[in-house]
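Working through the structure, step by step
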Amino acid sequence: MGETERLIAVDVGNSRVKLGLFERPVECEQAAQAGLLPIAGGALPEPVDTFSFAHVEGEPSGYNALREWLRPHAGIPALLASVHRSAGQATIEALRGCGVDNCRPLVGKQLPIATRVDQPERVGIDRLLAGVAANRLRRPESPAIVVDLGTALTIDLIAADGAFEGGAILPGLRMASRALHDQTDALPDIAMQQLEDSPDAVGRNTVDALRAGLFWGAVGAIREVVARQRDRLTVPPQLYLTGGAAPSVARLLGGPDCTVRYLPHLVLSGVAIASESKPGPAP
Ligand SMILES: Nc1ncnc2c1ncn2[C@@H]1O[C@H](COP(=O)(O)OP(=O)(O)O)[C@@H](O)[C@H]1O
Ligand SMILES: CC(C)(COP(=O)(O)O)[C@@H](O)C(=O)NCCC(=O)O
Ligand SMILES: [K+]
């Protein structure tokens with residue numbers, strides 16, 4: 001298999017940079033051309049190797065570890081989706097410095113997904129890419145709802161015709177915990193490991209009360225927004241979960257007519273699918 005058949009997909013979020021090495025040429029049963037709605041069908045491309053790190057301003061260790069991971073992958077083209085400008089730029093520089101060939105940033109209008117939103121160019125590219133991947137996964141007649149529990153928590157509706165309809169944005173678990181700590185005198189910041197298991201809803205101390213509120217607040221918000229988006233649909237949606245906090249809540253979501261799948265690399269798979277589309281101009 002030649003180098004050109006491989007791709008490094010990059011997803012720069014507000015907390016973490018995620019990379020995936022995709023080896024197979026991404027096959028598409030229906031040509032995904034810009035302007036054409038992609039029809040659901042084929043399997044989702046999955047990375048054969050992944051790497052991720054937290055990006056922190058002025059802290060080079062994550063980028064140093066990235067350079068180590070990239071060492072055997074020099075010469076492979078990379079396609080990058082970023083919602084964080086400075087981390088996106090630092091990641092591009094690290095990739096180019098490691099000899100990664102032809103590292104291109106993706107922009108929303110290159111993606112094979114239609115939108116029905118007020119300002120398509122303002123939508124986070126991670127939200128659109130998760131929609132691109134959801135379109136590959138869902139049954140053609142079923143709409144999809146994508147829940148991304150990252151720095152922010154996003155809950156987006158993909159219509160049965162494949163269009164990104166918009167959705168809801170709210171604080172993610174880490175951000176909510178940090179906001180409570182920063183804006184009060186007495187509340188501690190809660191470690192993410194303490195938010196992995198369903199806590200008792202009656203916290204008998206400050207930390208347990210925060211765990212209860214943060215965890216069940218996120219689960220409740222997702223259930224309510226999903227239910228309200230579901231109310232607009234005639235066909236039950238398929239629910240896809242991704243993002244750092246998704247494993248904690250995945251088994252608590254869904255219902256009798258709404259199946260749930262946790263897909264840790266949904267955005268990276270969206271980047272791999274987007275790589276099939278017409279390449280955009282080099283920056
Ligand atoms: N062990 C954990 N338990 C619960 N939530 C977690 C855990 N680890 C990370 N998170 C959450 O996941 C977020 C990072 O996920 P990620 O999808 O990489 O975000 P982004 O794409 O915004 O960078 C953190 O901000 C935090 O909210
Ligand atoms: C909503 C987001 C902050 C989510 O980013 P993340 O939590 O994945 O880092 C990002 O998609 C973004 O900056 N969006 C721009 C505004 C919009 O999507 O409408
Ligand atoms: K994300």
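Procedures and definitions
- Residues numbered from 1 in each chain as written.
- Chains lettered and ligands numbered in written order.
- Predicted model: local features only at pLDDT ≥ 70, side-chain atom pairs only at ≥ 80, totals over all residues.
- Axes fitted to C-alpha atoms, helices over the stretch in contact; angles between N-to-C directions.
- Helix = DSSP H or I, 4+ residues; strand = E, 2+ residues; numbered from the N terminus.
- Parallel < 35°, antiparallel > 145°, perpendicular 65-115°, else oblique.
- Left-handed = near helix turned anticlockwise from the far one by under 90°.
- Contact = placed C-beta atoms within 7 Å.
- Nonpolar A, V, L, I, M, F, W, Y, C, P; charged D, E, K, R; others polar.
- UniProt positions renumbered as here; feature names shortened; annotations may be inferred.
- Pairing = 2+ DSSP bridges.
- Buried ≥ 20, exposed ≤ 12 C-beta atoms within 10 Å, placed from the backbone.

In this section: the packing of helix α4 (residues 173-182) against helix α5 (residues 206-230). Taken N-terminus to C-terminus, the directions of α4 and α5 make an angle of 140°; their axes are 10 Å apart at the nearest point. Viewed along their axes, α4 and α5 adopt a mutual orientation that is oblique. Judged by the twist between their axes, the crossing of α4 over α5 is right-handed. Between α4 and α5, the residues in contact are Leu173, Ala176, Ser177 and Leu180 and Leu210, Leu214 and Ala218, respectively. Its residues assigned to classes, the contact of α4 with α5 comprises six nonpolar, one polar and no charged.

Cross-referencing UniProt, the feature "active site" (unreviewed entry) maps to Asp126 in the present numbering. Relative to the assigned elements, Asp126 resides in helix α3 (residues 125-137). For Asp126, the contacting residues outside a window of four places in its chain are Asp11, Gly13, Ala81, Val83, Asp148 and Val267.

Right, let's get into the sheet that holds strand β3 (residues 49-54). Strand order in the open sheet formed by five strands is β3-β2-β1-β4-β5, and the pairing between neighbours is mixed. If you trace the sheet from one side to the other, it starts and ends with β3 and β5 (104-105), each paired once. As paired strands, strand β2 (residues 16-22) and β3 are joined by six bridges and run antiparallel to one another. Residue pairing across strands places Lys18 opposite Ser52, the latter belonging to β3. Sheet strands in contact with helix α2 (residues 85-97) are β1 (7-12), β2, β4 (78-82) and β5, and its direction is about 165° off that of β4.

Read across the open sheet, the five strands follow the order β8-β7-β6-β9-β10; overall the sheet is mixed. Whereas interior strands pair on both sides, the edge strands pair on one side only; in this sheet they are β8 (164-171) and β10 (260-262). For this sheet, the mean inter-axis angle between neighbouring strands, taken without regard to orientation, is 15°. Where strand β6 (residues 144-149) and strand β7 (residues 152-158) come together, six bridges link them in antiparallel fashion. Bridge pairing in β7 places Asp148 opposite Thr154. Of the strands in this sheet, β6, β7, β8 and β9 (238-242) touch α5, which is tilted by about 20° from β7.

Buried residues dominate helix α7 (residues 266-274), accounting for nine of its nine residues. Those residues of α7 not exposed but buried are Leu266, Val267, Leu268, Ser269, Gly270, Val271, Ala272, Ile273 and Ala274. The elements touched by buried residues of α7 are β1, β2, β4, α3 and β9.

When the UniProt feature table is mapped to this numbering, "binding site: substrate" (unreviewed entry) covers Gly124, Ile125, Asp126, Arg127 and Thr206. Separation in sequence by 83 residues is matched in space for these annotated residues, since their most distant C-alpha atoms are 37.2 Å apart. Here Arg127 is to be found in helix α3. Arg127 gets classed as buried once you count the C-beta atoms within 10 Å, which come to 24.

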